[in-house]
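Per-entry structural report
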Amino acid sequence: MLNLFQKTLSKSVVFKGHGLHSGLDSELKIIPAAENFGIVFKRTDLEKDNIVLANYKNVSSAQLCTTLRNEFNVSVSTVEHLLAALYITGVDNALIEINNSEVPIMDGSSKEFVETIAKAGTVNLKAKRKYLKVVKKFEYKNEGKFISIEPNNNKELNIDFQLVYSNKLIGTQRNQINFSKEDLEEVYSSRTFCLFEDIEKIKKIGLAKGGSLDNALVVKNEEILNTGGLRNPKEFVNHKILDCIGDLFTSGYRIIGSIKCSQGGHYLTNQILRKIFSNDENFSIIEIQERNLPNTLINRSLLRSIA
């Protein structure tokens, strides 16, 4: 459903945990913000140059997570699960104070972020929400991996994602999610994952210092090492969709379009955003014109371009 007005949180919420890759403990506070503020990170452990915008241009690394970095070399990493939670809960504007360089991983999904924000509630702001509408098809390919985005006449965001692993337990998974209509619980509760044989390789490059069975699915041969197994039958591909929506939110807008992706990840999503924004003729920024629409009609509303 396309919402008419921008939203922020009703009150501040706090999260504590440690980083998946750094292993460092951190505290994160999401604070309500005014209209057109956007999503902004503030490193409270630093006294100056500590503002980092959640913008695709600031993505400095996409290796196993998304890292944002400002012009002063100040960074915040593993932002994708939090950004996905803000997208799913409808938050457009928020100041995120964090006292370290990595967002806490929580349980490896967006579940706690989503449920805590939803419990706190959101409020409408006076400004209308702006949407980015893709007006032509784009694609990006890299070493057998593929992502594309094309116009969607239904005024929705659809993601069609395929995951292909040689591991027999994961195998080939595909799911299609309509972010305007579907219950997203299976997406936001799906955890990050890795193969057991890759753990040492990841640690050798200085990552996954805080990884454990409490915050990641680990697959060894044809066995899931986590107690309780999968949360849903398509948890692997659903987590990739979760990452994708979080990374898409660095566009600064909610996107209207249809995305297809095979074997993609943080890097491909960032590259497709850079392609879209490379020319103003590739998209329109639109807002809903009507003020009072029943829910059953809101997806068929007339849209007015303000680009």
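On a predicted model such as this, the values are computed, not experimentally measured, just so you know. (Residues numbered from 1 in each chain as written. Predicted model: local features only at pLDDT ≥ 70, side-chain atom pairs only at ≥ 80, totals over all residues. Heavy atoms only, no water.)

1. Thoughts on helix H5 (residues 235-248)
- Its 14 residues give H5 an end-to-end C-alpha distance of 20 Å, which sits within 8% of 20 Å, the value for a rise of 1.5 Å per residue.
- Of all 14 residues in H5, 13 are buried, a share of seventy percent or more. (Helix = DSSP H or I, 4+ residues; strand = E, 2+ residues; numbered from the N terminus. Expected span 1.5 Å × (residues − 1). Buried < 20%, exposed > 50% of the residue type's maximum accessible area, 1.4 Å probe, protein only.)

2. A few points about the pairing of strand S12 (residues 138-142)
- Note: S12 against strand S13 (residues 145-150), 5 bridges, orientation antiparallel. For Glu139, the partnering residue across the bridge sits in S13 and is Ser148.
- Counting the residues in the hairpin turn of S12 and S13 gives 2 residues, including Glu143, whose phi is positive at 50°. (Pairing = 2+ DSSP bridges.)

3. Concerning the packing of aromatic side chains
- Within this structure, the stated rule accounts for 8 aromatic pairs.
- For the pair Phe15 and Phe113, a centre-to-centre distance of 4.8 Å together with 80° between the ring planes defines the contact as edge-to-face. With Phe15 in strand S2 (residues 13-18) and Phe113 in helix H2 (residues 111-120), this pair connects stretches of sequence that are 98 residues apart.
- Between Tyr140 and Tyr267, the aromatic rings sit 6.1 Å apart at their centres with planes inclined by 70°, giving edge-to-face as the arrangement. Remark: Tyr267 occurs in helix H6 (residues 266-276) and Tyr140 occurs in strand S12; sequence separation between them is 127 residues.
- Using a relative accessible area of 17% as the deciding quantity, one classes Tyr140 as buried.
- Judged by its relative accessible area of 37%, Tyr267 is partly exposed.
- Members of the aromatic cluster, joined through ring pairs, are Tyr56, Phe277 and Phe283.
- Here Lys220 stacks its cationic end above the ring of Phe196, 4.6 Å away from the centre of that ring.
- A cation over an aromatic ring shows up here: Arg254 above the ring of Tyr87, its NZ or CZ 4.6 Å from the ring centre. (Phe/Tyr/Trp six-rings, centres within 6.5 Å; stacked < 30°, edge-to-face > 60°. Lys NZ or Arg CZ within 6 Å of the ring centre and 35° of its normal.)

4. Focus: H2
- For H2, the full list of buried residues reads Phe113, Val114, Ile117 and Ala120. Down the axis of H2, the smallest arc covering the buried residues is 135°, so these residues share one side. Turned more than 90 degrees away from the buried face of H2, the exposed residues are Ala118 and Lys119.
- Contacts from the buried residues of H2 go to strand S1 (5-9), S2, strand S3 (25-32), helix H1 (80-89) and helix H3 (185-188). (Arc of directions from axis to C-beta. Contact = heavy atoms within 4.5 Å.)

5. Structural notes on the pairing of S1
- Within S1, 5 of the 5 residues are buried, which leaves the element mostly enclosed by the surrounding structure.
- Taken together, the 4 bridges between S1 and strand S10 (residues 122-128) define a ladder with antiparallel strand orientation. If you follow Phe5 over to S10, its bridge partner there is Lys128.

6. A closer look at the sheet that holds strand S6 (residues 59-61)
- The antiparallel open sheet is built from 3 strands, whose spatial order is S6-S7-S8. Looking at the sheet topology across the chains shown, the edges are occupied by S6 and strand S8 (75-77). Put simply, the sheet's adjacent strands are angled 35° from each other on average, direction ignored. (Axes fitted to C-alpha atoms, helices over the stretch in contact; angles between N-to-C directions.)

7. Points about the nonpolar core
- Ranked by size, the top nonpolar core spans 71 residues in total, and within it Ile30, Phe41, Leu86, Val103, Ile159 and Phe179 carry the most contacts.
- If we skip the residues at most four places from it in the chain, Phe41 touches Asn50, Ile51, Val52, Ala54, Leu68, Val76, Val79, Leu82, Leu83, Ile96 and Val103.
- Grouped together as the second largest cluster of nonpolar side chains are 7 residues, Leu4, Phe5, Tyr131 and Ile288 included. (Core = buried A, V, L, I, M, F, W, Y, C linked by side-chain atoms within 4.5 Å.)

8. A short note on a negative patch on the surface
- On the surface, Glu182, Asp183, Glu185 and Glu186 cluster together to form a negatively charged patch.
- Along the chain, Glu185 falls in helix H3. (Patch = residues over 30% accessible without salt bridge, like charges linked within 9 Å, V, L, I, M, F, W, Y side chains within 5 Å. Areas by Shrake-Rupley, 256 points an atom, 1.4 Å probe, with all protein chains shown as cover. Salt bridge = Lys/Arg side-chain N within 4 Å of Asp/Glu carboxyl O. Lys, Arg positive; Asp, Glu negative; His and termini not counted. Charge placed at Lys NZ, Arg CZ, Asp CG, Glu CD.)

9. A closer look at the environment of Thr250
- Relative to the helices and strands, Thr250 resides in the loop between H5 and strand S19 (254-262).
- Thr250 sits 68 residues away from Glu182 along the chain, and the two C-alpha atoms are 22 Å apart.
- The residues contacting Thr250, other than those within four sequence positions of it, are Ala54, Asn55, Tyr56, Leu83 and Leu273.

10. Comments concerning the sheet that holds strand S16 (residues 193-195)
- What the 3 strands build is an open sheet, ordered S16-S17-S18; its pairing is mixed. Edge positions in the sheet fall to S16 and strand S18 (223-224), since each of these pairs with one other strand and no more.
- Relative to S18, strand S17 (residues 217-220) runs antiparallel, the two sharing 2 bridges. Residue pairing in the sheet places Lys220 in a bridge with Glu223 of S18.
- Across the sheet, H5 lies against S16, S17 and S18, angled at about 135° from S17, the strand it touches most.

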